[in-house]
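The lines below spell out each chain.
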Amino acid sequence: MKALIIAGGSPTLPGDTPHCLLQVENETLIEQQHRKLKSAGIEDIYITINDLERKVDYISDLEERSTDSTIITELGQISHLLGALDKSTEQDDESILLINGDVIINPKQLRRLSNSPYQNELVVDPAKSISAGQERIKTSKSVVSAAGSTVPRDDYPWYLYSGIAKVNPVLASTILREIFTQTDTNRSIVDIIGDLSSDFDIYVDESSIPGGSSQKTKSITGSSYAIIKKPVYFRKEVQGRGLAKLEDEIEFYRHLPESVAKHFPRMKDYYIGEDRVWLEQEFCDRPSLRDLLFNGVFNHQDALKQLNALLHFSFNNMYNHEMTPPDEKYLERIHFNRVWYRLYRAERDAEIFSDFLRCDSIEFNGREYVNIPPLISCIEDNEEICQGVTPKELSSFGHFDMHFQNILVSDQIKDFILVDPRGYDACDPYYDLGKISHSVNGLYDFIDTQNFKLDYELSGDKLTASVDFTQKEVLREYHQIQSELEDLFTQFTSKSAHETMMRVHFNEAMHFSSLIPFQLYNNPSKSRGVVSYLIATKLLNEFLETYAPDVRVEDYMGVSLKDKYERAESWKLKGE
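Residues numbered from 1 in each chain as written. Predicted model: local features only at pLDDT ≥ 70, side-chain atom pairs only at ≥ 80, totals over all residues. Heavy atoms only, no water.

### With respect to the overall build of the chain
Part 1: Helices and strands together make up the secondary structure of the chain, namely 21 helices and 22 strands.
Part 2: Looking at the chain residue by residue over its 576 residues, the buried ones come to 53%.
Part 3: In the chain, 77% of the contacts between residues at least 6 apart in sequence involve partners at least 24 apart.
Part 4: On the chain, roughly 25,900 Å² of surface is accessible, and the fraction owed to carbon and sulfur atoms is 46%. (Helix = DSSP H or I, 4+ residues; strand = E, 2+ residues; numbered from the N terminus. Buried < 20%, exposed > 50% of the residue type's maximum accessible area, 1.4 Å probe, protein only. Contact = heavy atoms within 4.5 Å. Areas by Shrake-Rupley, 256 points an atom, 1.4 Å probe, with all protein chains shown as cover.)

### Some words on the packing of helix H10 (residues 300-318) against helix H17 (residues 472-483)
Part 1: Between H10 and H17, the least distance of the axes is 9 Å, while the angle of their chain directions is 45°. Relative to H17, the element H10 is oriented oblique. The handedness of the crossing between H10 and H17 comes out as right-handed. From H10, His 300, Ala 303, Leu 304 and Leu 307 reach across to H17, where they touch Glu 477, Gln 480 and Ile 481.
Part 2: In the contact of H10 with H17, the residues fall into four nonpolar, two polar and one charged. (Axes fitted to C-alpha atoms, helices over the stretch in contact; angles between N-to-C directions. Parallel < 35°, antiparallel > 145°, perpendicular 65-115°, else oblique. Left-handed = near helix turned anticlockwise from the far one by under 90°. Nonpolar A, V, L, I, M, F, W, Y, C, P; charged D, E, K, R; others polar.)

### Notes on helix H13 (residues 372-381)
Part 1: Among the 10 residues that make up H13, nine are buried, leaving the element largely enclosed by the rest of the structure.
Part 2: Among the residues of H13, those classed as buried are Ile 372, Pro 373, Pro 374, Leu 375, Ile 376, Ser 377, Cys 378, Ile 379 and Glu 380.

### Re the nonpolar core
Part 1: Grouped together as the largest cluster of nonpolar side chains are 111 residues, with contacts concentrated most on Leu 307, Phe 404, Phe 469 and Leu 544.
Part 2: Looking at this core, the element that brings in the most residues is helix H20 (residues 527-547), giving 11 residues.
Part 3: With sequence-adjacent residues up to four places away left out, Phe 469 is seen in contact with Leu 443, Phe 446, Ile 447, Asn 451, Phe 452, Leu 475, Val 531 and Ile 535.
Part 4: If you look at the next biggest cluster of nonpolar residues, it comprises 27 residues, including Ile 6, Tyr 46, Leu 98 and Leu 196. (Core = buried A, V, L, I, M, F, W, Y, C linked by side-chain atoms within 4.5 Å.)

### A few points about the packing of aromatic side chains
Part 1: Going through the model one piece at a time under the given rule, you end up with 27 aromatic pairs.
Part 2: Ring centres 5.7 Å apart and planes at 65° place the aromatic pair Phe 313 and Phe 416 in the edge-to-face group. Within this pair, whereas Phe 313 is found in helix H10, its partner Phe 416 is found in strand S20 (residues 416-418), the two being separated by 103 residues in sequence.
Part 3: Take Phe 416: its relative accessible area is 1%, and that puts it in the buried class. (Phe/Tyr/Trp six-rings, centres within 6.5 Å; stacked < 30°, edge-to-face > 60°.)

### Remarks on the sheet that holds strand S14 (residues 233-238)
Part 1: If you walk across this open sheet you meet the three strands as S14-S16-S15, and the pairing is antiparallel. Bordering the open sheet on either side are S14 and strand S15 (267-272), each of which pairs with just one other strand. Taking each pair of neighbouring strands and ignoring which way they run, the sheet shows an average axis angle of 10°.
Part 2: One ladder, built from five bridges, connects S15 with strand S16 (residues 277-282); its direction is antiparallel. (Pairing = 2+ DSSP bridges.)

### Some thoughts on the pairing of strand S8 (residues 136-140)
Along any regular strand, the residues point their side chains to alternate faces of the sheet.
Part 1: By the bridge criterion, two bridges tie S8 to strand S10 (residues 159-167) in an arrangement that is antiparallel. Considered in S10, the bridge of Arg 136 is made with Leu 160.
Part 2: Alignment of S8 against strand S9 (residues 143-147), held across four bridges, turns out to be antiparallel. When the bridges of S9 are listed, Ile 137 appears paired with Ala 147.
Part 3: Here S8 hands over to S9 after two residues, with Lys 141 in that stretch at a positive phi of 55°.

### Regarding the side chain of His 403
Part 1: On the secondary structure map, His 403 appears in the loop between helix H14 (383-389) and strand S19 (407-409).
Part 2: Looking at His 403, the relative accessible area reads 8%, which means it is buried.
Part 3: In contact with His 403, other than residues within four places in its own chain, are Arg 290, Lys 435, His 438, Ser 439 and Tyr 444.

### Topic: the sheet that holds strand S21 (residues 452-459)
Part 1: The four strands lie next to each other as S18-S17-S22-S21, forming an open sheet whose pairing is mixed. In this open sheet, the two strands that pair with only one neighbour each are strand S18 (367-370) and S21. The average angle at which neighbouring strand axes cross in this sheet is 25°, direction not considered.
Part 2: Of the strand pairs in this sheet, strand S17 (residues 361-364) and S18 are connected by four bridges, and their pairing is antiparallel.

### Comments concerning the pairing of strand S4 (residues 44-48)
Part 1: Of all five residues in S4, four are buried; the element is thus mostly enclosed.
Part 2: Note that strand S1 (residues 2-6) and S4 share five bridges and pair parallel. Residue pairing across strands places Leu 4 opposite Tyr 46, the latter belonging to S4.

### Considering unusual backbone geometry
Part 1: You will see that Leu 443, though not glycine, has its phi angle at about 60°, which is positive.
Part 2: Topologically, Leu 443 is positioned in the loop between helix H15 (429-440) and helix H16 (444-448).
Part 3: One non-glycine residue, Gln 450, lies in positive phi territory at about 65°.
Part 4: On the secondary structure map, Gln 450 appears in the loop between H16 and S21.

### A closer look at the pattern of salt bridges
Part 1: Summed over the entire model, instances satisfying the criterion amount to 24 salt bridges.
Part 2: Here Asp 415 and Arg 286 are joined by a salt bridge, their closest N and O atoms 3.1 Å apart. Here Asp 415, found in the loop between S19 and S20, pairs with Arg 286, found in the loop between S16 and helix H9 (289-294); they are 129 residues apart in sequence, far enough to count as distant.
Part 3: The class for Asp 415 is partly exposed, based on a relative accessible area of 32%.
Part 4: Accessibility expressed as a relative area gives 17% for Arg 286, which makes it buried.
Part 5: Among the salt bridges present, the one from Lys 564 reaches Glu 380, with a minimum N-O distance of 2.8 Å. Pair noted here: Lys 564 is in helix H21 (residues 561-568) and Glu 380 is in helix H13, with a separation of 184 residues, a long-range link. An identical accessibility class is assigned to Lys 564 and Glu 380; each is buried.
Part 6: One salt-bridge network, held together by shared partners, links Arg 290, Asp 445 and Asp 448. (Salt bridge = Lys/Arg side-chain N within 4 Å of Asp/Glu carboxyl O.)

What follows is the structure, given as structure tokens:
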């Protein structure tokens, strides 16, 4: 990781000392920053200066106090760094720390940013007042939606940029060029980030903000020295796409048995209208299982203990409520039509998927695979496969979106909260097991957080691609979890290991095949969608090779997507 200290900007008043040369605990601020960065293992440190009076004396002071840093005073001197950054891609492993020259660095922030799964992330503080400064940050689902002077004061609440960010090489290069070439000296780095927020996924870690809106409770004074804890609630609101999903979630919360409800957030209020739905529920200030693994707090053994407690609750308290037999079109309704409709949406939302879907073959990480359309067609036409994966009974209660980001945990293994349930009125428990597997086996967690390097080429009717997942230490923990999933799952199912994993891997492959359009959202490069497509292709091929090796997939080459899409239109949900 490289660090770039933005020391530019004139002193507040003529004759004042530049902020980064102010004394802090017997050393200048720039010396302290330099020391803390070195202690954190960051060797490549750059210091940029522009728009400064008395620049010569200032540079001399900086060079004396940061002897092994590179001092940059104009765009020409940064050309070698920008050249290297320009050759990088959004998926490159190395990140750049951008640090304002007047910031006191907290080593814990450096560790958190270093371990964060996100490539682009801002350290922010909650605004305590509507009159707070200009460096305002608005978010939507933890992603920056607007920043700087474009955020009006009356659009409260917002966050304030703390002066530290981790960015990937592409975003770093773009920000630096703006800093050195802009003519508007009143335009801050936050204004630049606001302009770029529509082109890059830039996250803020709201759960790490002390005193911010992420707190689970607010304290007020009670009698007899008591402290009353007042829960903090938040609202999920949908207009357009996603109406049906939020409606289902509301109905799910309304009918939860008490024995199940204790592991879900409490619902406070809701509204269901024709074109608008909202849900207010208690905010759960806990890290997710994914966060703990990526930040190195949990290893694979911790995660497996948590999953064991989760599955013990699910099979003994949740899946055994009001079991019903599936209707004869269960697979078509829950899986096949959903996949065809989502593939249609992917093609509609990003033209490149029209080319992908019509490829004869896909070479992925050096291996040749059959493409998705003939594989899905083959599976849905094969009676023996369908019988093998059709559940005998459906549960009226289940989470049905049980990936690691939706599992919130505490320091007590059995004290977990499941958030963002799908809310189906009845579903197969193996649907949840497939979601767990798709976090670990399919590495959804690495795709969703952009922790990969992607390279692909489309030539005629053939797609050639390679994906290398980054965060190697975390990846090893995930591989270890994956190696023990079969033993874990078969503890709770009444099936053999073969039958259990056949159902798990079928559900996982269906999940990946249907999530592609969601990974295109807020991802201009479409890279997450492309990797999801490749993993779905791999999983479907592996499923047939393992559980139905004699099927003739070649009979389904050239399947008519138009016919499949027209049939799937009947599945389309309101707001989908």
